[in-house]
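# Fold and geometry: a report
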Amino acid sequence: MSGKRADRPVLLGGPSILPQPLTIVRPLLPPLAAIQERLEQALQGGQLTNNGPYVRALEEALAAYFGVAHVVAVGNATAGLMILARALASEGEVILPSFTFSASAHALVWAGLRPAFADILPGTYTLDPAAVEHAINERTVAIMGVHIYGHPCEVNELQQVADRHGIPLFFDAAHATGSRYRGRPVGGNGLAEVFSFHATKIFPVGEGGAIATDDSALAEQLRLWRVFGCPPGEENTLLAGINGKMQEFNALIGLENLKSIDRHVAHRRALAAMIRSQLAALPGLRFQTQQPYAYSNYQNLSIQVDAEQFGLNRDELYLALRAENVHARKYFSPPLHRHDAYANLPNISGAALAVTEQIAGGILCLPLYSQMSEREASDLCLVLQRLHDFSPEIHAQLMSEQ
Ligand code: T4K
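A short tour of the structure in this document, coming up. Computed from a predicted model, the values in this text were never measured in an experiment.

This part takes up the sheet that holds strand E10 (residues 285–287). Strand order in the open sheet made by the three strands is E10-E12-E13, with antiparallel pairing throughout. Every other strand in the sheet has two partners, leaving E10 and strand E13 (363–366) as the edge strands with one partner each. The average angle at which neighbouring strand axes cross in this sheet is 35 degrees, direction not considered. Pairing analysis gives three bridges linking E10 to strand E12 (residues 301–305), with the strands arranged antiparallel. Counterpart to Phe 287 in the pairing with E12 is Ile 303.

On the surface, Leu 43, Leu 48 and Phe 249 cluster together to form a nonpolar patch covering roughly 260 Å² of accessible area. One can find Phe 249 in helix H8 (residues 248–257). Residue classification places Phe 249 among the partly exposed positions, given a relative accessible area of 32%.

This paragraph deals with the pattern of salt bridges. By the definition in use, this model includes twelve salt bridges. The closest approach of N and O atoms between Glu 93 and Arg 139, which form a salt bridge, is 2.8 Å. In this pair, Glu 93 sits in strand E2 (residues 93–97) while Arg 139 sits in the loop between helix H5 (129–135) and strand E4 (140–146), placing the two residues 46 residues apart along the sequence. What makes Glu 93 buried here is its relative accessible area of 9%.

Moving on: the site of the ligand. In the vicinity of the ligand there are 24 residues, among which Thr 78, Asp 172, His 175, Ser 196 and Tyr 331 approach most closely. Residue His 198 places a side-chain N or O atom 3.4 Å away from an oxygen atom belonging to the ligand. Separating an oxygen atom of the ligand from a side-chain N or O atom of Tyr 331 is a distance of 2.6 Å. Protein coverage of the free-state accessible area of the ligand, which is 920 Å², stands at 71%.

Turning our eyes to something else, we now look at the pairing of strand E5 (residues 169–172). The side chains of a regular strand alternate between both faces of the sheet. Alternating residues of E5 divide into Leu 169 and Phe 171 and Phe 170 and Asp 172, and every residue in both groups is buried. Note: E4 against E5, four bridges, orientation parallel. Within the sheet, the bridge partner assigned to Gly 145 lies in E5 and is Phe 171. As a crossover connection, the stretch from E4 through helix H6 (residues 155–165) into E5 is right-handed. Where E5 meets strand E8 (residues 193–196), two bridges bridge the pair, whose relative direction is parallel. Bridging across to E8, Asp 172 finds its partner in Val 194.

Turning next to unusual backbone geometry. Cis geometry marks the peptide bond from Tyr 331 to Phe 332; its omega dihedral reads 5 degrees. Relative to the helices and strands, Phe 332 is located in the loop between helix H11 (314–323) and helix H12 (354–362). A cis amide bond links Ser 333 with the next residue in sequence, Pro 334, at an omega value of 5 degrees. Its location among the elements puts Pro 334 in the loop between H11 and H12. Look at Arg 182: it is not a glycine, yet its phi comes out positive at around 50 degrees.

Let us now look at the nonpolar core. Ranked by internal contacts, the top residues of the largest apolar core, which has 37 residues, are Leu 317 and Leu 321. The biggest single contributor to this core is helix H13 (residues 374–389), with six residues. Among all residues touching Leu 317, those that are not within four sequence positions of it are Leu 285, Ile 303, Val 305, Phe 310, Leu 312, Leu 364, Leu 384 and Leu 387. Counting 34 residues, the second largest nonpolar core, distinct from the first, contains Ala 107, Phe 170, Leu 222 and Leu 239.

Analysis parameters
- Residues numbered from 1 in each chain as written.
- Predicted model: local features only at pLDDT ≥ 70, side-chain atom pairs only at ≥ 80, totals over all residues.
- Heavy atoms only, no water.
- Pairing = 2+ DSSP bridges.
- Helix = DSSP H or I, 4+ residues; strand = E, 2+ residues; numbered from the N terminus.
- Axes fitted to C-alpha atoms, helices over the stretch in contact; angles between N-to-C directions.
- Patch = residues over 30% accessible without salt bridge, like charges linked within 9 Å, V, L, I, M, F, W, Y side chains within 5 Å.
- Areas by Shrake-Rupley, 256 points an atom, 1.4 Å probe, with all protein chains shown as cover.
- Salt bridge = Lys/Arg side-chain N within 4 Å of Asp/Glu carboxyl O.
- Buried < 20%, exposed > 50% of the residue type's maximum accessible area, 1.4 Å probe, protein only.
- Near = heavy atom within 4 Å.
- Polar contact = N/O pair within 3.5 Å; in protein donor to acceptor, adjacent residues only side chain to side chain.
- Right-handed = clockwise from strand over helix to strand, strands pointing away.
- Core = buried A, V, L, I, M, F, W, Y, C linked by side-chain atoms within 4.5 Å.
- Contact = heavy atoms within 4.5 Å.

Shown next as structure tokens:
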């Protein structure tokens, strides 16, 4: 036994450093006073959904923010990805990373398309353009990049591949509201980009999302797909659309959030920089590479855990952090090609997704949210330092519990 009791990790009988849990994310929402008047108007007027004034205002405000011609608000990013994929093709394969949230691939399946997983880059964990090139075949109808944790993909390189093969490129930008690629807001890349405004995202409205595009014809199609395929004021439907609408309450929160998003991104980037520098000396923890072209919103702050150097493997560290009141998450492990839902997809081999396998095996996302204080960020670093210092004993303790 080493160290005084007060210095020992919780798993070894010590007290937690943290006065209250550090959750993976925490939505930062506007105070009631900021939206009360408009909320009352909605409640009194009775228009709660169906392309109401707040949804239309949010679409306009987001189009200006993203610097695009059109924004189509949706009930969530999954619905947005579904209708975008369906508008682009009704059969064939879409190339995407396996290292992403399940909804990225599920949306394709619901649109009648087949996910084809390609490997990621070892530094940024985004789609590897060379792997995409390799994966393209006669069935490929589109490429979908994912701006993972808010770090934009290698957009230009992916676009070159897409152009060479004459297929559309679009992005799952669920994580990337407020991120920038080469100085421009994410939103205008590829044919379209799909955002999530879920409660756990940096721009939380509850359930919500949006599709951004400069393509007027596509935007018009998406508006149809979003509302049962029914043009406004008509009873006849032109296509078998879904109900993908956003509600007025959510749009109202979004309108208010938009005023502070850039401030929140800046705060998260400052916290992430602080955490990265405080942990720089700890062996066995590697951070997502931040490319010079990227301005990440730090939707998530991830670490790669090298078991040998840190002294604990990812799963052990996850458990030890839980005991300390730190709610880290294994986003996105297992990768999608290891999910039961995709077990029957042919042509998926671990060897072809070697980087994905390796990254997913060591990944852990740490708590980071817009209202996190510097004190909380420092405490998080102290906890990680302590877990490393006591790693041999923690490892032995966890092995004995198995
Ligand atoms: N593409 C990508 C790459 C995505 O990551 C996602 C969603 C999508 C597409 C689809 O977007 P949406 O269709 O959802 O718009 C979350 C979210 O449900 C999901 O939106 C997100 N990605 C995924 C990565 O994570 P969970 O299961 O991790 O959330 P949960 O309930 O465990 O909550 C996490 C933490 O957040 C907890 O500490 C509590 C806190 N929380 C959560 C909720 C729901 C709150 O404080 N308030 C809340 O209302 O899924």
